[in-house]
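Next come the chains, spelled out residue by residue.
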Amino acid sequence: MAKAKSAFVCTECGAEYRKWQGQCSSCQEWNTLSEVRLSAARPGAATGAASTARGGYAGGLSREVVDLASVDLSEVPRLSSTFAEFDRVLGGGLVPGSAVLLGGHPGAGKSTLLLQTACKLAQSRRVVYVTGEESLSQVAMRAHRLQLPVQGLKMLAETSIETILAVADRERPEILIIDSIQTMHLEDIASAPGGVAQVRESAAALTRFAKQSNTVLMLVGHVTKDGSLAGPKVLEHMIDASLLLEGGADSRFRTLRGQKNRFGAVNELGVFAMLEHGLKEVKNPSAIFLSRNEEQSAGSLVMVVWEGTRPILVEVQALLDESALGNPRRVAVGLDQNRLAMLLAVLHRHGGLFTGDQDVFLNVVGGVKVLETSADLAVLLAVVSSLQNRPLPRELVVFGEVGLSGEIRPVPSGQERIVEAAKHGFTRAIVPRGNAPKRSPEGMEVVAVDKLAEALDAL
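What you are looking at is a predicted structure, and each value in this text was computed from that prediction instead of being measured.

(A) Quick peek at the environment of alanine 332. Along the chain, the position of alanine 332 falls in strand 15 (residues 330–333). Taking C-alpha positions, alanine 332 is 45 Å from leucine 153, a pair spaced 179 residues apart along the chain. Look past the residues within four positions of alanine 332 in its chain and what remains in contact with it is Gln337, Leu340 and Leu362.

Written as structure tokens, this is what we have:
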């Protein structure tokens, strides 16, 4: 009987070691090595059998060196997911031969979104849905509750990769959905499903099949408590697109964000609403993020952020209160807390307003996470409004990056942001001078500023 071998694999970067050590030499992370048991080598595995099994990972391999200019540039036809917001995040639709990983917290709606997509696609295409977490009756109950068309959708309750690949080779689906990758396992690997080796090798086998057969592969992935995808980091390198479905249990809105996409823009955002009959796409996200009260309050201001390929109007709220602590609190929800501290220092130095004795609380309405610097000017003006207890006009919209010397820097796609604000009825905008249009939209007054002091005077 062959002796079982083991290795120590880093859960962050996938590096392998022959013995355990406290720090990974590749990614410099501590306590990330876990032991995995490897199967014994089969007879003939070191010869042609191994090369046949491992070959063709990137699709059809060419044995000849070719010139890059001679490669066919004809566009690969994309398949629509039947959701416009889903297609937007994917970069225009599903690409044949691609592997898409969909992650999210429990209850976010990953299985619901994919089941809705599979049922609609099955009406015109060959779709195989593999469930490893639920029985077929449980999936059928959900489909019935969501009132989905179930004719034509092929279902398989299985966790063995070998069986799944055999069925997929027989059925030849155009779309193969795996729910989830953490429940799949290979017989040759002795570790339990969900382990580092199982997740890595299972994903590699499925991705290799998708590339060679030109099948769209969609994987469901679990996340850890800090929001990162569970399993080895190498899993995210294998796939072509990594999407994250976010949304709290207390909110009926879900946001689908692209974290990696080889076929489209990264950080593209799609918005869905969780209703009684499943997820419904929200085609105008700015409308739901701008549901403001009729009575205008101090510290509330609308800004224009850029998500992927479109502008979105969101409301930022600031609340300042006299602090009873020696070290006042700085709390930011939806924004970078360190950047908030920096902006408050700029406000004191170049705006003449002191907030060192105030607790500062900042919130982006709707659970949106703002990842760009165009929110700087809106954040500072909202802080000033709350500090002076002076409400700002409802028709005012603001965007711009603030530098350490108090200058207002232009941001990308400034013209499109102003046009989007005008569409929603805003009549006044404070923007960087570099983003000021030569001709303002009809009915809108655009105030261009160079310094923070000029923006404060414009209020």
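(B) Molecular detail of the UniProt feature "binding site: ATP" (unreviewed entry) in the protein. As annotated in UniProt, the feature "binding site: ATP" (unreviewed entry) corresponds to Gly104, His105, Pro106, Gly107, Ala108, Gly109, Lys110 and Ser111 in the numbering used here. Considering the arrangement of structural elements, one finds proline 106 in the loop between strand 4 (99–104) and helix 3 (110–121). When its relative accessible area of 76% is taken as the criterion, proline 106 is described as exposed. Along the polypeptide, glycine 109 turns up in the loop between strand 4 and helix 3. With residues near it in sequence (within four places) discarded, glycine 109 still touches Leu245, Met274 and Leu279.

(C) How the structure looks around the packing of helix 3 against helix 4 (residues 136–145). Orientation of helix 3 relative to helix 4, taken along the N-to-C sense of each, is 75°, at an axis distance of 11 Å. Looking at the two axes, helix 3 sits roughly perpendicular to helix 4. Contacts from Ser111, Thr112 and Leu115 in helix 3 reach Val139, Arg142 and Ala143 in helix 4. Here the residues of the contact of helix 3 with helix 4 sort into three nonpolar, two polar and one charged.

(D) Quick peek at the sheet that holds strand 17 (residues 396–398). On the basis of which strands lie adjacent, the open sheet formed by seven strands has the order 15-16-14-13-17-20-21 and mixed pairing. This sheet does not close on itself; its edge strands, each paired only once, are strand 15 and strand 21 (445–449). Neighbouring strand axes in the sheet, compared pairwise and without regard to direction, differ in orientation by 25° on average. Two elements, strand 14 (residues 310–322) and strand 16 (residues 358–364), share seven bridges in a ladder whose sense is antiparallel. Along strand 16, the bridge assignment pairs valine 316 with valine 364.

(E) Representation of the domain arrangement of the protein within the structure. Partitioning the protein into structural domains gives domain 1 (5–38), domain 2 (78–283) and domain 3 (288–458). For domain 2 versus domain 3, the separation of C-alpha centres amounts to 37 Å. Counting the surface lost from both domain 2 and domain 3, the interface buries some 950 Å², and carbon and sulfur atoms represent 52% of this. There are three salt bridges connecting domain 2 and domain 3. Among the salt bridges present, the one from glutamate 85 reaches arginine 310, with a minimum N-O distance of 2.8 Å. Put simply, domain 2 and domain 3 have three residue pairs in polar contact (both at pLDDT 80 or more) between them. Put simply, the parts of the chain that give the side of domain 2 that touches domain 3 at least two residues each are helix 2 (84–90), strand 10 (253–261) and strand 11 (269–275). For the side of domain 2 that touches domain 3, a count of residues per class yields six nonpolar, two polar and six charged.

Quick notes on the rules
Residues numbered from 1 in each chain as written. Predicted model: local features only at pLDDT ≥ 70, side-chain atom pairs only at ≥ 80, totals over all residues. Heavy atoms only, no water. Helix = DSSP H or I, 4+ residues; strand = E, 2+ residues; numbered from the N terminus. Contact = heavy atoms within 4.5 Å. UniProt positions renumbered as here; feature names shortened; annotations may be inferred. Buried < 20%, exposed > 50% of the residue type's maximum accessible area, 1.4 Å probe, protein only. Axes fitted to C-alpha atoms, helices over the stretch in contact; angles between N-to-C directions. Parallel < 35°, antiparallel > 145°, perpendicular 65-115°, else oblique. Nonpolar A, V, L, I, M, F, W, Y, C, P; charged D, E, K, R; others polar. Pairing = 2+ DSSP bridges. Domains from an automatic or database assignment. Buried area = accessible area lost by both parts, 1.4 Å probe. Salt bridge = Lys/Arg side-chain N within 4 Å of Asp/Glu carboxyl O. Polar contact = N/O pair within 3.5 Å; in protein donor to acceptor, adjacent residues only side chain to side chain.

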